[in-house]
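A look at the structure
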Amino acid sequence: METDRVPVCVPVCVPICAHMVAHVWERVHRLLHGVFTSRFCVSRKKMIQPLVGLLLLLQAAAAVSATKIAVVGSGIGGAAATYYLQELRRNRSLPPLDITVFESRDYIGGRLKHITFGENQVKVELGGAAWTRSNQYVKGLAEKMNATVASKAASPPLWEKIAVWRGDGFAYVEKMIAENLSSVLKVIDSEGSFLKDTAESYKQQQQNDPFKDMYSFLKWGQLDKYVNRSIYEYFTALGVQDAVIEDGLVPIMRAIYNQNSNSSSFGMFGSLTALINHEDWPTGNSDLVKALFKAANASVRLSSSVININFKQTADTSTTQDSYDVLFTTKPTEGGVNRTTTEAYDAVLIAAPLETTGIAFSGMILPPGATLDRHFYPWFVTVVEAARINASQFLPYYVNSEGKELPKVFLTSANGSSSNPKTPWTVIQPLGKHGKGKGEPKNVWLVYSDYDLRGKEPNTLIDGLFEEVKTIYVQHWPYTFAHLKPLEGTAGEMQPIILRPGLYNLNAIESIASAMEVSCIAARNVARLTVDYLSNRKRI
């Protein structure tokens, strides 16, 4: 079976009492040495008999395996969960867990991935690019991994020329701010309130037991007021002008979540927070994921897809050693036939969008909403090395001879991508926070879109967007973020966290947003639920 252990080291499945056995064996060895060198030979036989019995008990204890945990998904959520699990066990003076991670892809990182690109061999983030200093959990995990994180200012800087493409012309951000300063100040004030509310939520998470459903979590810091109203409803109630909402806020939301003013305002505030400042892992954010798996001594099985999770109940009604049989297939590295295997685990954590995994469940009845389809959006990230942006795509609304300089960052309004066939993209921007290393190549851009811009023939659409194209890399994400529609507070509109005791849906939190910090919040919470479950396993 192909196993990518992070790091390559002694297998995780060490007997639960291995260290204790070694320690006791050393003491027994000393006792035996004393027996055989003692002058009191008469009592040697009586002393040896109980020692032999003790050795037999120790041998039996050594055959007992550690508590086994399965994690589905090797992204930041799954990695953070493995780290928190071991940390919580260590803090409670409990032995470490035997953790196996199943990843259907052939690499570690989930929606965190970076490549080396172009003439300058710059490292480019294709997924989650950064976190902010207010993101307590992911920032804390990076610090625990002893990372020297790279800090960057707001991106894009306010002095850069930013424009919103409407499909029939540009709305320039600096002009919009100047003409609607009162509304812009209201947006800034509301972002300050959001940061205070999230700080209170962090405080409540530390002070309370782990939350068992999303509604309980959203009450902390009154975060529910952000998920219950759309962007348009929330900011209109504050007296923000439509021009600021549609040409200022929505383009930012589209750049991160590809959604419009009818989506949840929580995602909008998360997008605004992401503009304030940035921190990242210098060599690529997926390396933070690998570091967390290494710290947790977790075994990562790449190209391994979980097919079925079967609940197996014990006959004892007073206590339980219930387990889960995990059926999975593994693709061989070089040809051959997929291998199908079943393994038993004490608990299972699902750290991927449940509706995209294709996992079937047997031996149990899932709670309402478990199979809810949250309509995750596909996404294409195209990295382009070229001489310049092709201005002709904006004709007749932009004429170069007028002396107007092209914007450096192109966002889009709700109509910008759909109303003009020459501009079928959501964002065009320089590398910015997505680039790693010193300096920034001036001839490399990122383009976000709903579909592959290369078209049917090589580079057909890209050639219309850029001039003198040299190198292209396209990353297709089959799913990136859920449809962040406002919640109504009705049952079943969010996936449950607890599918049953010992089986947890970490990804339920992506009903409100997809972000590294959001996944880490869920990871810590589910780790707490799991450790509590393992410590107090009773028939529920």
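A few words on the pattern of salt bridges. The final tally for this structure, using the stated rule, is 16 salt bridges. The salt bridge partner of Arg 111 is Glu 510, with a shortest N-O separation of 2.5 Å. In this pair, Arg 111 is assigned in the loop between strand 3 (98–102) and strand 4 (114–117) and Glu 510 in the loop between strand 25 (503–505) and helix 15 (516–535), connecting sequence segments 399 residues apart. In this structure, Glu 468 engages Arg 388 in a salt bridge whose closest nitrogen and oxygen atoms are separated by 3.5 Å. With Glu 468 in the loop between strand 22 (466–467) and strand 23 (471–481) and Arg 388 in strand 17 (residues 388–389), the pair connects residues that are 80 residues apart, well separated along the chain. Judged by its relative accessible area of 55%, Glu 468 falls in the exposed class. One continuous salt-bridge network, built from bridges that share partners, spans Arg 133, Lys 139, Glu 143 and Glu 279.

Counting all residues, the mean pLDDT for the protein chain is 84, and 80% of those residues have values of 70 or more. Confidence drops under a pLDDT of 50 for residues 1–5, and excluding neighbours within four residues, the segment shows 27 contacts in the predicted structure. Note that pLDDT drops below 50 for residues 58–63; the model gives that stretch five contacts with residues more than four away or on any other chain.

The alternating pattern of strand 4 places Ile 115 and Phe 117 on a buried face and His 114 and Thr 116 on a face that is not buried. Note that strand 4 and strand 5 (residues 122–125) share four bridges and pair antiparallel. Within the sheet, the bridge partner assigned to His 114 lies in strand 5 and is Glu 125. Between the end of strand 4 and the start of strand 5, which pair antiparallel, lie four residues, with Gly 118 showing a positive phi angle near 80°.

Time to look at the packing of aromatic side chains. Under the defined criterion, the tally for this structure stands at 29 aromatic pairs. Ring plane angle 50° and centroid distance 6.0 Å describe the contact between Phe 170 and Phe 410, whose orientation is recorded as tilted. Of this pair, Phe 170 sits in strand 8 (residues 170–172) while Phe 410 sits in strand 18 (residues 409–412), placing them 240 residues apart in sequence. Accessibility expressed as a relative area gives 14% for Phe 170, which makes it buried. Between Phe 311 and Tyr 324 the ring centres are 5.4 Å apart and the planes differ by 45°, which places this aromatic pair in the tilted class. In this pair, Phe 311 sits in strand 11 (residues 304–312) while Tyr 324 sits in strand 12 (residues 323–330), placing the two residues 13 residues apart along the sequence. Ring-pair connections join several aromatic residues into one group, and the members of that group are Trp 165, Phe 170, Tyr 172, Phe 394, Phe 410 and Trp 425. The ring of Tyr 107 is capped by Lys 113, whose NZ or CZ atom sits 5.0 Å from the centre of that ring. Positioned above the aromatic ring of Phe 311 is the side chain of Arg 500, whose terminal nitrogen or guanidinium carbon lies 3.8 Å from the ring centre.

A separate point is the pairing of strand 11. With eight bridges connecting them, strand 11 and strand 12 associate as antiparallel partners. Each residue of the ladder has a partner; that of Ser 304, found in strand 12, is Thr 330. Strand direction decides the pairing type here: strand 11 and strand 15 (residues 360–362), joined by three bridges, are parallel. Across the sheet, the residue bridging to Asn 310 is Ser 362, located in strand 15.

With that settled, consider unusual backbone geometry. Phi at Ser 93 is positive, roughly 60°, even though this residue is not glycine. Locating Ser 93 in the fold gives a position in the loop between helix 3 (76–91) and strand 3. Here Asn 297, not a glycine, exhibits a phi torsion of approximately 55°, which is positive. Positionally, Asn 297 belongs in the loop between helix 12 (286–296) and strand 10 (299–301). The class for Asn 297 is partly exposed, based on a relative accessible area of 26%.

Rules and cut-offs
Residues numbered from 1 in each chain as written. Predicted model: local features only at pLDDT ≥ 70, side-chain atom pairs only at ≥ 80, totals over all residues. Heavy atoms only, no water. Salt bridge = Lys/Arg side-chain N within 4 Å of Asp/Glu carboxyl O. Helix = DSSP H or I, 4+ residues; strand = E, 2+ residues; numbered from the N terminus. Buried < 20%, exposed > 50% of the residue type's maximum accessible area, 1.4 Å probe, protein only. pLDDT = per-residue confidence, 0-100. Contact = heavy atoms within 4.5 Å. Pairing = 2+ DSSP bridges. Phe/Tyr/Trp six-rings, centres within 6.5 Å; stacked < 30°, edge-to-face > 60°. Lys NZ or Arg CZ within 6 Å of the ring centre and 35° of its normal.

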